Amino acid sequence: MAEENVTFTLPDLGEGLVEATVLEWQVAVGDRIERNAPLVEVETTKSAVVIPSPKEGRVVELHAAEDEVVAVGAPLVTFAVEAREPQAGIVGRVPAEEARPARRVRLKPPTD
Amino acid sequence: MTELIERDEATAEPPTVELSMQQAINRALRVLLAEDPATLVFGEDVGALGGVFRVTDGLQKEFGDQRVFDTPLAESAIMGMAVGLAMNGWRPVPELQFDGFAYPAVDQIVNQVARMNYRTRGAAPMPITLRLPSFGGIQAPEHHGESLEALFAHTPGLKVAAPSDAAEAYSLLLQSVRSDDPVVYMEPKARYWDRKPVVLREPTDPIGTSRIVRHGRHATLIAWGAMVHRCLKVAELAAEDGVELEVLDLRWLKPIDTAGLAASVSRTKRAVVVHEAPLTAGLGAEVAALVTENCFRDLSAPVQRVTGFDVPYPAGPLEPQYLPTIDRVLFAVQRTLEY
């Protein structure tokens, strides 16, 4: 399936924080990562926290080195994620198309 | 905009483009907004977001927030506003976000939209096209999979359309919006993502005509919306057994194409109606009655109905059991063949 790149920006980890320092990356470029798996440990003026991965995919680029300060909203990491096409809207699911629909009933042509 | 009206001058043939149904509807709305400055598109999240299913994507950007705009989450207000706008010379194309939420607006639709022309002896026609994402098949939560066609078809003063593919969706919407009568335009959600090369044609058949999607001689399957696609699958399977099924897409549920129905069934002598709505007092009963009235002497078997069940529309995991399955349709076909 086709992949597309998605960049995750540093969220505000407290209320009104403006930046965070990267302490330690838990992944390297090329790694596959599950959603919610540990991604990176950062330190803000309030605390040190491990950010879980928001995506499942392959790590394409780390936008900050360790000890580097990243502004809230600046790119943190880029993932290559499987492009899911077509996508449903907010509600419901795209129905799967059966190549050959299942059947149990057989027909007999009419005699007339 | 130019791409929409571009034509090969030599052949005057409209272009073939690969589109999903949601994109085809979007194209039709762009044509309609461009050709008539009185046309307005509004509803919940149709503006900035571009609609829950991206059907109205980009329209606000192109035509501005005076002509494509979001409304509060209030279905009765959306339809009430459409009535007022229509009375003042506008051509509203409101969207109600999901069939099951049309009920709060049924008072406006049935008592205002449908009656105003009659009530004013023609002084206040209601050129309103209500876009209603309809029917099931996408495993959505409660109130997101209802089939209300019988309710609206039963209401004097309303026209009801239900397209079955992208090309049909395009031309039926042009026809609906250009009509000075109110039309309930029911979009089959399950087919929104159905993508294929389509020719974006101006409507040529008059309002109230059906179309034969597949020719056959042993029985006619009559359907509308997403069930047309399912009936085509059934016809393919039946062909393996040597049974040739005709598939008739009703597409206009009010007025119903009685002549078209009768012509097909008189030829095949057998009819099976397939719809998602519950059986009792569903539109299938109307179709069966029309066929019986018009083809009584030609019929080899009573008209069969394959429908949803007389229960509230079920939650997602039970949908495959509720909707007419391929086997249920095949079984009904077999029953008609055995008479």
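Scroll up for the structure.
Worth saying up front: this structure is predicted, and the values here are computed from it rather than measured.

(A) Fine view of the overall build of chain B. From N to C terminus, chain B includes 13 helices and 14 strands. Taken over the C-alpha trace, chain B has a radius of gyration of 20 Å; the compact-globule value for 339 residues is 20 Å, and the two agree within 12%. Principal-axis analysis of the C-alpha atoms places the extent of chain B at approximately 60 × 50 × 45 Å. Expressed as a percentage of the 339 residues in chain B, the buried residues total 59%.

(B) Up close: the nonpolar core. All names here are of chain B. Membership of the largest hydrophobic core comes to 49 residues, with the highest contact counts inside it found for Ile222 and Val291. Ignoring any residue separated from it by four or fewer positions in sequence, one finds valine 291 in contact with Ile222, Leu261, Val265, Ala271, Phe296, Leu299 and Val303. Formed by 39 residues, the second largest nonpolar core is a distinct cluster that contains Met21, Leu173, Leu200 and Trp252.

(C) Expanded view of the sheet that holds strand S8 (residues 75-82) of chain A. All names here are of chain A. Taking strand neighbours across the sheet as the criterion, the 4 strands line up as S1-S8-S6-S3 in an open arrangement whose pairing is antiparallel. Pairing within the sheet leaves two strands with one partner each, and these edge strands are strand S1 (3-9) and strand S3 (32-33). Two elements, S1 and S8, share 7 bridges in a ladder whose sense is antiparallel. Note on S8: the bridge partner recorded for phenylalanine 8 is valine 77.

(D) Region of interest: the pairing of strand S5 (residues 129-134) of chain B. All names here are of chain B. Within S5, 6 of the 6 residues are buried, which leaves it mostly tucked inside the rest of the structure. Residues Thr129, Arg131 and Pro133 point to one face of S5 and Leu130, Leu132 and Ser134 to the other, with burial holding for every one of them. Strand direction decides the pairing type here: S5 and strand S7 (residues 183-188), joined by 6 bridges, are parallel. Its bridge partner lying in S7, proline 133 is registered against glutamate 187.

(E) Structural detail: the packing of helix H4 (residues 75-87) of chain B against helix H5 (residues 106-113) of chain B. Residue and element names in this part refer to chain B. In the contact formed by H4 and H5, the axes pass within 8 Å of each other and the chain directions differ by 20°. The orientation of H4 with respect to H5, classified from their angle, is roughly parallel. Touching Ser76, Met79, Gly80 and Val83 of H4 are Gln108, Ile109, Gln112 and Val113, all from H5. Looking at the contact of H4 with H5 residue by residue, the classes come out as 4 nonpolar, 4 polar and no charged.

(F) The arrangement of the interface of chain B and chain A in detail. Chain B puts 31 residues into the contact, and the matching count from chain A is 24 residues. Interface of chain B and chain A: buried area, both sides summed, is about 2300 Å²; carbon and sulfur atoms make up 57% of it. Three residues stand out in chain B for area buried against chain A, namely Trp193, Asp241 and Asp327 of chain B, and they jointly supply 27% of the buried area on that side. Joining chain B to chain A, the criterion identifies 4 salt bridges.

(G) Representation of the side chain of arginine 103 of chain A. Among the secondary structure elements, arginine 103 of chain A is positioned in the segment after S8. Overall, arginine 103 of chain A belongs to the buried group, its relative accessible area being 13%. Here the side chain of arginine 103 of chain A touches glutamate 240 of chain B through a polar contact of 3.3 Å, side chain to side chain. Of the polar contacts made by the side chain of arginine 103 of chain A, one reaches the side chain of aspartate 241 of chain B; its length is 2.6 Å.

(H) Representation of the side chain of threonine 44 of chain A in the model. All names here are of chain A. By the secondary structure assignment, threonine 44 is in the loop between strand S4 (38-43) and strand S5 (48-52). Judged by relative accessible area, threonine 44 falls into the buried class, the value being 12%. There is a polar contact of 3.0 Å between the side chain of threonine 44 and the backbone nitrogen of lysine 46.

(I) Examining the pairing of S8 of chain A more closely. Residues and elements named next belong to chain A. In terms of burial, S8 is largely enclosed, as 6 of its 8 residues are buried. Inspection of the sheet shows strand S6 (residues 57-62) paired to S8 by 4 bridges, in the antiparallel sense. Across the sheet, the residue bridging to arginine 58 is alanine 80, located in S8.

(J) Spotlight on the packing of aromatic side chains. Residues and elements named next belong to chain B. By the definition in use, this model includes 7 aromatic pairs over all chains. On the numbers, 5.5 Å between centres and 75° between planes, the contact of phenylalanine 53 with phenylalanine 98 is edge-to-face. Of the two residues, phenylalanine 53 sits in the loop between strand S2 (39-43) and helix H3 (59-63) while phenylalanine 98 sits in the loop between strand S4 (91-95) and H5, which places them 45 residues apart along the sequence. A residue is classified by how much of its surface remains accessible, and phenylalanine 98, at 2% relative accessible area, is buried. Relative to tyrosine 322, the ring of tyrosine 313 has its centre 4.9 Å away and its plane inclined at 70°; by these criteria the two rings are edge-to-face. Clustering of aromatic rings is evident, with ring pairs tying together Phe53, Phe98, Tyr192 and Trp193.

(K) Structural context of the pattern of salt bridges. What the rule picks out here adds up to 24 salt bridges over all chains. Residue arginine 104 of chain A is joined to aspartate 327 of chain B by a salt bridge in which the shortest nitrogen-to-oxygen separation is 3.3 Å. Placement of arginine 104 of chain A in the segment after S8 and of aspartate 327 of chain B in helix H13 (residues 326-338) is noted, with the two residues assigned to different chains. The residue arginine 251 of chain B makes a salt bridge to aspartate 205 of chain B at a minimum N-O spacing of 2.6 Å. Of this pair, arginine 251 of chain B sits in the loop between strand S11 (245-249) and strand S12 (252-254) while aspartate 205 of chain B sits in the loop between strand S8 (195-199) and strand S9 (211-214), and the two are 46 residues apart along the sequence. Look at aspartate 205 of chain B and you get partly exposed, because its relative accessible area is 36%. Salt bridges linked by common partners bring Asp165, Glu168, Asp205, Arg211, Asp249 and Arg251 of chain B together as one network.

Conventions used here
- Residues numbered from 1 in each chain as written.
- Chains lettered and ligands numbered in written order.
- Predicted model: local features only at pLDDT ≥ 70, side-chain atom pairs only at ≥ 80, totals over all residues.
- Heavy atoms only, no water.
- Helix = DSSP H or I, 4+ residues; strand = E, 2+ residues; numbered from the N terminus.
- Rg over C-alpha atoms; globule rule 2.2 N^0.38 Å.
- Buried < 20%, exposed > 50% of the residue type's maximum accessible area, 1.4 Å probe, protein only.
- Core = buried A, V, L, I, M, F, W, Y, C linked by side-chain atoms within 4.5 Å.
- Contact = heavy atoms within 4.5 Å.
- Pairing = 2+ DSSP bridges.
- Axes fitted to C-alpha atoms, helices over the stretch in contact; angles between N-to-C directions.
- Parallel < 35°, antiparallel > 145°, perpendicular 65-115°, else oblique.
- Nonpolar A, V, L, I, M, F, W, Y, C, P; charged D, E, K, R; others polar.
- Buried area = accessible area lost by both parts, 1.4 Å probe.
- Salt bridge = Lys/Arg side-chain N within 4 Å of Asp/Glu carboxyl O.
- Polar contact = N/O pair within 3.5 Å; in protein donor to acceptor, adjacent residues only side chain to side chain.
- Phe/Tyr/Trp six-rings, centres within 6.5 Å; stacked < 30°, edge-to-face > 60°.

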